[in-house]
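Structural features, examined
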Amino acid sequence: MTVPTIFDACQPRDDVREGRVSDADLAADLAAVIRGKAVPDYSDPARFFANTYPTRGLKNLLEAVCRRLSGAGGEAAAVLRLDTSFGGGKTHGLIALVHAAGGMKGVARPEEFIDPALLPAGPVRIAAFDGENADPANGRSMGDGVRAHTPWGEIAYALAGKDGFERVRASDEQAVAPGADTLKELFGNQPTLILLDEPAIYLRKVRGLPHGGRDQLAAFLTSLIKAVESSPNVSLVFSLAVGKDGRASDAYAEENDFLASRMAEIESVAARKATLLNPTEDDETALVLRRRLFAQVDPHKAAEVVAAYRALWRQHASALPPTAADGDIAEQFERSYPLHPALLDTLTHKTATLGTFHRVRGMLRLLVRTVAQLWQDRPADATAIHLHHIDPANPAIYQEIVTRLQQPELVPAIRSDVAGEKGQFALAQQIDKAQYAGLPPYTAYAARTVLVHTLAFNSDLRGVNADELRLAMLGPTLDGAFIDDARTRFRDQSAYLDDRPNAPLRFLYEPNLTQLVRREERNVDREEIRAALQDEIRRIFGGTTLDLVPFPAGPWDVPDEVGGGAPRLALINHEADTVVPGQEGLPDRVQEIFERKGNSGSLRMQRNNLVFLVADEGRVPLMVERMMRRLALQQMTRNERIRELPEHHQAKLREWQERSRHELAVAVAQCYRNLYYPARNRAAGANVDLAHSVIDLGTASDRPGAGQQQVLTALRDLNKLRGVEDAPESPAYVRDRTPLKRGQISTVDLRNEFRKDPALSILLGDDAFIKLVRTGVERGDYIYRRGDLVYGQGDPAAQIMIDEQSFVLTRAFAEQNGLWPRKPVGSELSPGQTAPTPAGASPSGGSAQQPYSSHTPTSQPPAVAEPRRLQAEGPLKEALGILFDRARGSGCKQLAALTVQCFDAGDLFRLLPAANGVSGASKQVTVKVDLEMAEGGLLTIDFTGPLTEAQLVREFLQPQLTAAKDKNPRMLGVELRFNDGLDLSGDAPERLRDQLTRVGNGAAFVSAEAERA
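As a starting point, this report considers the structure included with it. Here the structure is a predicted model, which means the values were calculated and not measured. (Residues numbered from 1 in each chain as written. Predicted model: local features only at pLDDT ≥ 70, side-chain atom pairs only at ≥ 80, totals over all residues. Heavy atoms only, no water.)

1. Comments concerning the overall build of the protein chain
Where we set the bar: Helix and strand assignments follow DSSP, with helices taken as H or I runs no shorter than four residues and strands as E runs no shorter than two, numbered in order from the N terminus. Burial classes: relative accessible area under 20% of the type maximum marks a residue as buried, over 50% as exposed, and values in between as partly exposed (1.4 Å probe, protein chains only). Note on contacts: a residue pair qualifies if any of its non-hydrogen atoms lie within 4.5 Å across the two residues. What sets the accessible areas is the Shrake-Rupley method with a 1.4 Å probe; for residues, cover comes only from the shown protein chains.
A count of helical and extended segments in the protein chain gives 39 helices and 29 strands. When the 1013 residues of the protein chain are sorted by exposure, 54% land in the buried category. Look at the contacts in the protein chain between residues 6 or more apart in sequence, and 72% of them connect residues 24 or more apart. Counting every atom, the protein chain has about 44,200 Å² of accessible surface; 48% of that belongs to carbon and sulfur.

2. Describing the packing of aromatic side chains
As a reminder, the rule being used: Aromatic pairing here means that ring centres of Phe, Tyr or Trp (its six-membered ring) are within 6.5 Å. Orientation follows from the plane angle: under 30 degrees is stacked, over 60 is edge-to-face, and everything else is tilted.
Applying the stated rule across the entire model yields 19 aromatic pairs. With 5.5 Å between their ring centres and 85° between their planes, phenylalanine 129 and tyrosine 202 make a pair best called edge-to-face. Remark: tyrosine 202 occurs in helix H11 (residues 199-206) and phenylalanine 129 occurs in strand E3 (residues 125-130); sequence separation between them is 73 residues. We classify tyrosine 202 as buried; its relative accessible area is 2%. Consider the rings of phenylalanine 541 and tyrosine 672, whose centres lie 6.0 Å apart with planes at 65°: the pair is edge-to-face. Of this pair, phenylalanine 541 sits in helix H26 (residues 526-541) while tyrosine 672 sits in strand E16 (residues 672-678), placing them 131 residues apart in sequence. Of the two residues, phenylalanine 541 and tyrosine 672, both sit in the buried class. Cluster of aromatic residues (ring-pair linked, three or more members): Tyr42, Phe48, Phe49 and Phe113.

3. A few points about the pattern of salt bridges
Applied cut-off: The term salt bridge refers to a side-chain nitrogen of Lys or Arg lying within 4 Å of a carboxyl oxygen of Asp or Glu.
A full pass over the atoms with the stated rule returns 58 salt bridges. The partner of arginine 530 in a salt bridge is glutamate 575, with the nearest N and O atoms 2.7 Å apart. Remark: glutamate 575 occurs in the loop between strand E11 (568-571) and strand E12 (578-579) and arginine 530 occurs in helix H26; sequence separation between them is 45 residues. Arginine 530 gets classed as buried once you look at its relative accessible area, which sits at 10%. What makes glutamate 575 partly exposed here is its relative accessible area of 22%. Between glutamate 990 and arginine 888 there is a salt bridge, with the nearest N and O atoms lying 2.8 Å from each other. Taken together, the residues span a long stretch of sequence, with glutamate 990 in helix H39 (residues 988-996) and arginine 888 in helix H36 (residues 876-889) at a distance of 102 residues. Put simply, Arg526, Glu527, Arg530, Glu575, Asp885 and Arg886 are held in one network by salt bridges that share partners.

4. Some details on the packing of helix H22 (residues 442-454) against helix H24 (residues 480-493)
How we decide: Think of each axis as a best-fit line through the C-alpha atoms, taken over the contacting stretch in the case of a helix, with angles from 0 to 180 degrees between the N-to-C directions. The labels follow the angle: roughly parallel below 35 degrees, roughly antiparallel above 145, roughly perpendicular from 65 to 115, and oblique for the rest. Crossing handedness: left-handed means the near helix sits turned counterclockwise from the far one by under a right angle, and right-handed means the same turn made clockwise. In this classification, Asp, Glu, Lys and Arg are treated as charged, Ala, Val, Leu, Ile, Met, Phe, Trp, Tyr, Cys and Pro as nonpolar, and every other residue, Gly included, as polar.
Relative to each other, H22 and H24 sit at 70°, their axes nearing to 9 Å. Here H22 lies roughly perpendicular to H24, going by the angle between them. Crossing geometry of H22 relative to H24 is assigned as right-handed. Where H22 approaches H24, its residues Tyr442, Thr443 and Ala447 are matched on the opposing element by Phe482, Ile483, Ala486 and Phe490. Class assignment for the residues of the contact of H22 with H24 results in 6 nonpolar, 1 polar and no charged.

5. Section: the sheet that holds strand E19 (residues 744-746)
Basically, it comes down to this: Strands qualify as paired when DSSP identifies two bridges or more between them.
Taken in spatial order, the 4 strands of this open sheet run E19-E23-E21-E22, and their pairing is antiparallel. The open sheet has two edge strands with one neighbour each: E19 and strand E22 (789-791). Pairwise comparison of adjacent strand axes, ignoring direction, gives a mean angle of 20° for this sheet. Two elements, strand E21 (residues 782-786) and E22, share 3 bridges in a ladder whose sense is antiparallel. In the sheet register, tyrosine 784 faces E22, and the bridge partner there is tyrosine 791. The strands that helix H34 (residues 766-779) touches are E21, E22 and strand E23 (806-810); relative to E21, the one it contacts most, it runs at about 120°.

6. Details of the packing of helix H21 (residues 427-435) against H22
Remark: H21 packs on H22, axes separated minimally by 7 Å, with the N-to-C direction vectors making an angle of 155°. On the basis of the axis angle, H21 is roughly antiparallel to H22. Only Tyr442, Thr443, Ala444 and Ala447 of H22 make contact with H21, whose side of the interface consists of Ala428, Ile431 and Asp432. When the residues that make up the contact of H21 with H22 are grouped by side-chain class, the tally is 5 nonpolar, 1 polar and 1 charged.

7. A word on the side chain of asparagine 674
How we decide: Pairing of N or O atoms within 3.5 Å defines a polar contact, subject to two protein rules: one partner must be a possible hydrogen donor and the other a possible acceptor, and residues neighboring in sequence count only if both atoms are side-chain atoms.
Structurally, asparagine 674 is set in strand E16. A residue is classified by how much of its surface remains accessible, and asparagine 674, at 2% relative accessible area, is buried. At a separation of 2.7 Å, a polar atom in the side chain of asparagine 674 contacts the side chain of aspartate 616.

8. Quick look at the pairing of E23
The buried fraction of E23 amounts to 5 of the 5 residues, a majority that puts the element mostly inside the structure. Both faces of E23 are covered, namely the face carrying Ser806, Val808 and Thr810 and the face carrying Phe807 and Leu809.

9. Here we look at the environment of arginine 47
Residue position: arginine 47 is located in helix H6 (residues 45-50). Expressed as a C-alpha distance, the spacing of arginine 47 and glycine 106, which sit 59 residues apart in the sequence, is 9.0 Å. The contact partners of arginine 47, leaving out residues within four places of it in the chain, are Pro40 and Asp41.

So this is what it looks like as structure tokens:
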């Protein structure tokens, strides 16, 4: 049985078949209709309704508004909101209201849309604001010399002419919304229809203008709704492009979401609700299109075609998307024939996301041209209108894609792979000529389908998988096997298809040079990536203002002495610790370093001189990817093979290579954005004086190569950091916060307080401290004294020294001891009286600092010289990752044994339960530690044995460690010897790493016996 073609079953409208439909005929312009300057398809009520399908939403809209305007009684909402996606029939519905308010003169069958008795009998004032035509910066010419800048200005003129505009001129010029009473005066007690179309586009236009356009529009809507609801014969209808979930998804999503949220606030506060209507529901789109495109569709032949497709979908169900197996798609096809369901779905949910594509209007433009070409060419396989019938070889369709949809970046892909020009065959056409002569152009059909699926705003929407492509193309005269064959040939030979693994079929704007780079990326050694990335991170966060401590494994790597005096920035390795969104508490390594110093575990003193940066866990992969890409691009630009590429590819590679440095720096800056700094307002869940702040991503991207500057800016914004150019901390606060409150303190000791107390600011350099002292003296809070020099308020500036012989005194203390105010010149001491000596002003000065000794843990073993022995050191997770990468990089196929040596007994004891759970391996533990007890006794533990017995040692040793005065771990380790070797080819090493570090990630030295391939 022969399946009818669309030429047998359908009759297009004459203007469609003959290609006489212009862009203007398809462009619904509300303002032009009201001014009487629209094309006949919109300005003539008879033609307008003849081409319009009476959707449920449109009929409800006309009834609600006309009932209100005519005073027909019954429930009639004063305010209606049209909610649908961009191009979903909102403007069309507003134009229908204009014609209905005018009585629908000349319409052949008005009852299709509304009860004629509800149509207004008399004149209706109509005012419309179209955000697409608005000009808030320059003003829109309304007539009579009036230029309106705002919606209220345009509406006032439309309702009451120049006099009406003069009533709101001040509001229009100042961009301040008028009140409800002012608006109500404009109605004139007459039936009035107010229409607001595309307010989101207006909001986009006022972005950046000095007045508060967003807030004023919301205020205007509040006043307008109040005025309309208090006027019995006035109706307000406005549009909002949001979906069923209340969220917008088109190019003006931000503005539409803002309006939706403000409308919810307005309705809540005013206890007023706008009635929501959708002029065109998704299931009616096909009916709207079909009415405009076709004068007649034979229902019997349509049923034959749908039955044939239903049988095909059942037959090939295993090779089609799951939706093809149920009956819904067949029911959709019954309503939409001759428009294939995949055609409508793609245009509705992908192409319609483009900001320049109105859903219904954009579909009509493409389909009008497609139908005209189909009836001109009459392909024998056209049993329905498929995606592959949208042919970019047609100049009108090509211009629609490139110009109207603003996709000029796809021109190279179209001309190279889909449809050539000037007699040149594109790749798809070449394959069809060589492989499918005498058959339908399978490859061209596949390429066109992929092209339309590429037309989407969001990257994740672009493209089509193999099953979806089969569904889109399959028909009674198209064979599934040929579809698959054509798809494979085209994918393998295309110069513009995205050929990444598992990527959908979609066109890229650039040829597959990207793929050459990706192949080079896969060849970059992991160890090289790690080393280069660490160097780049050091470079970005290095500098002279802060003393950078890169990737400390523990407290011993971060000195506690003053050193050069600069605050220290501890940069935590992203392979050791990261922060996840919403994480409470502090990273273990951050807290440990902040609390302790050196190997002995003694308390850190200079806590207010240390800040930390920790990476965002979710941003680490991108940072590593950027480093890998940079190394690959560097290699490609150095490689002689670059000369084999076309010149524009060579230029693009060099451009990418230059750009990769900036992109890498941005990725690093945006990854290392968790700032922990000393403060009394502790981070959530923290038990030490560390606060947490996230460096703003915009700031982190402004100067991505100046990491220290970003940290300094963030600390300044937090009022934590002060340099000589900043206002000093309040001298009175410093006095009351430090030992100065007892009367006096040496300048060196007071300076040290700023390095110790998290409640104080971090000072950048001694000049900032001197500025503080000088400010305190000038304000009368401090007296400075050094030997015979006394410097107080009103004195000429004196040099301030920071040493143990210079003192800062409170004014009260100086007055009490007779040092201030200074005695008049010539006064002498009474006989036997001596000048008071400030307490603590002895030559020894302030408290002596304990010397700091930094040394490498004595438990670190010497490097093993055996050629098959690999080793690494650092936080356990990081060290294991390095070790496994080195093993793979050296060609090893498996590890025979793995040894983990800890520097702290607590880390070892936390590791033992995790090691005990490792299957397929024997375990041996070594514990060698010397303990000096509280009264001088020496306890030596020397144990080597199985892990089960080590648990007994743990139970004995833990109390001794707690009581010991000093401890010297000589060897703390566990060895895993794998029965069948640890296979390096899969993810077993990473699973082992995660298992061993689940409850602890302390610093460790790891080594392994590796077997080479």
